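Next come the chains, spelled out residue by residue.
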Amino acid sequence: MPREAPAHYPYRAAIDAYGNGGFRFADMSHRGSLLVLPSGIYAWDVTSIDDVTAEACAAFLAEMPRPAGFVLLGTGLTHCIPPAPIRALFANAGIGLEAMTTGAACRTFNVLLAEGRDVGAGLIAVD
């Protein structure tokens, strides 16, 4: 039996709000972290920088365009540098990776989306 695709919003959309453990976008709300890809917005099973693994980032590697694409990583309330293996994973794939607080990542994502840039985001939910 074929595996069903995960539920998602099938477009990229500006992040209207964040906090209280989730996000608002496209007149909807989502509790938990978000993965924003060219194919849409998905739930992301990441709650801290420690959960940012190669497996958690596989969708970025599969979908982000090269060489222009890059990913904003919202690391929560505190700016954290991703582990060296994750930085190397993105560098070796030819995809830029910029880590910042989740709030800064949401604001930056919205500006770059409005400019039509090839940007994805991994946004860790904050309370």
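Owing to the predicted nature of the structure, the values given are computational and were not obtained by experimental measurement. (Residues numbered from 1 in each chain as written. Predicted model: local features only at pLDDT ≥ 70, side-chain atom pairs only at ≥ 80, totals over all residues. Heavy atoms only, no water.)

With respect to the overall build of the protein chain
Each helix and strand in the protein chain was counted, giving three helices and nine strands. Ordered by position from N to C terminus, the α and β elements of the protein chain give β-β-β-β-β-β-α-β-α-β-α-β. Radius of gyration (C-alpha) of the protein chain: 13 Å, near the 14 Å computed for a compact globule of 127 residues. Along the longest, intermediate and shortest principal axes, the C-alpha atoms of the protein chain span 40 × 35 × 30 Å. The buried share of the protein chain, taken over its 127 residues, is 41%. Long-range pairs, those at least 24 residues apart, make up 68% of the contacts in the protein chain with a sequence separation of at least 6. (Helix = DSSP H or I, 4+ residues; strand = E, 2+ residues; numbered from the N terminus. Rg over C-alpha atoms; globule rule 2.2 N^0.38 Å. Buried < 20%, exposed > 50% of the residue type's maximum accessible area, 1.4 Å probe, protein only. Contact = heavy atoms within 4.5 Å.)

So, the sheet that holds strand E9 (residues 119–123)
Read across the sheet, six strands follow the order E1-E6-E5-E9-E7-E8 without closing on themselves; strand pairing throughout is mixed. Of all the strands in the sheet, just strand E1 (8–9) and strand E8 (96–100) have a single pairing partner and so form its edges. Note: strand E5 (residues 33–37) against E9, three bridges, orientation antiparallel. Bridge pairing links leucine 34 to leucine 123 in E9. Its contacts with the sheet place helix H3 (residues 102–114) against E5, strand E7 (70–74), E8 and E9, and it is angled at close to 150 degrees to E7. (Pairing = 2+ DSSP bridges. Axes fitted to C-alpha atoms, helices over the stretch in contact; angles between N-to-C directions.)

What to know about the nonpolar core
Formed by 19 residues in total, the largest nonpolar core has its most connected members in Ile15, Phe23, Leu34, Leu72, Phe109 and Leu123. Going through the elements one at a time, strand E3 (22–25), E5, E7, H3 and E9 are the ones with two or more residues in this core. With six residues, H3 is the largest single contributor of residues to this core. Residue contacts for leucine 34: discarding those within four places in its chain leaves Ile15, Phe23, Phe25, Ile41, Tyr42, Trp44, Ala121, Gly122 and Leu123. By size, the runner-up hydrophobic cluster in this structure holds 18 residues, among which are Trp44, Met64, Ile86 and Ile95. (Core = buried A, V, L, I, M, F, W, Y, C linked by side-chain atoms within 4.5 Å.)

Brief notes about the side chain of serine 33
Inspection of the secondary structure puts serine 33 in strand E5. A polar contact is formed between the side chain of serine 33 and the backbone nitrogen of alanine 125, at a distance of 3.0 Å. (Polar contact = N/O pair within 3.5 Å; in protein donor to acceptor, adjacent residues only side chain to side chain.)

What to know about the packing of aromatic side chains
For the coordinates displayed, the defined rule picks out four aromatic pairs. Here tryptophan 44 and phenylalanine 60 contribute two aromatic rings whose centre-to-centre distance is 6.1 Å and whose plane-to-plane angle is 80 degrees, an arrangement assigned as edge-to-face. Note that tryptophan 44 is positioned in strand E6 (residues 40–44) and phenylalanine 60 in helix H1 (residues 58–63), a separation of 16 residues in sequence. With a relative accessible area of 7%, tryptophan 44 lands in the buried category. Take phenylalanine 60: its relative accessible area is 1%, and that puts it in the buried class. (Phe/Tyr/Trp six-rings, centres within 6.5 Å; stacked < 30°, edge-to-face > 60°.)

Examining the pairing of strand E2 (residues 15–19)
One ladder, built from four bridges, connects E2 with E3; its direction is antiparallel. Within E3, the position partnered with isoleucine 15 by the bridge is phenylalanine 25. The loop that links E2 with its antiparallel partner E3 comprises two residues; one of these, asparagine 20, has a positive phi angle of about 55 degrees.

Considering the environment of glycine 120
Looking at where glycine 120 falls in the secondary structure, it is placed in strand E9. Its relative accessible area of 0% is what places glycine 120 among the buried residues. Among all residues touching glycine 120, those that are not within four sequence positions of it are Val36, Phe60, Met64, Phe70, Val71 and Leu72.

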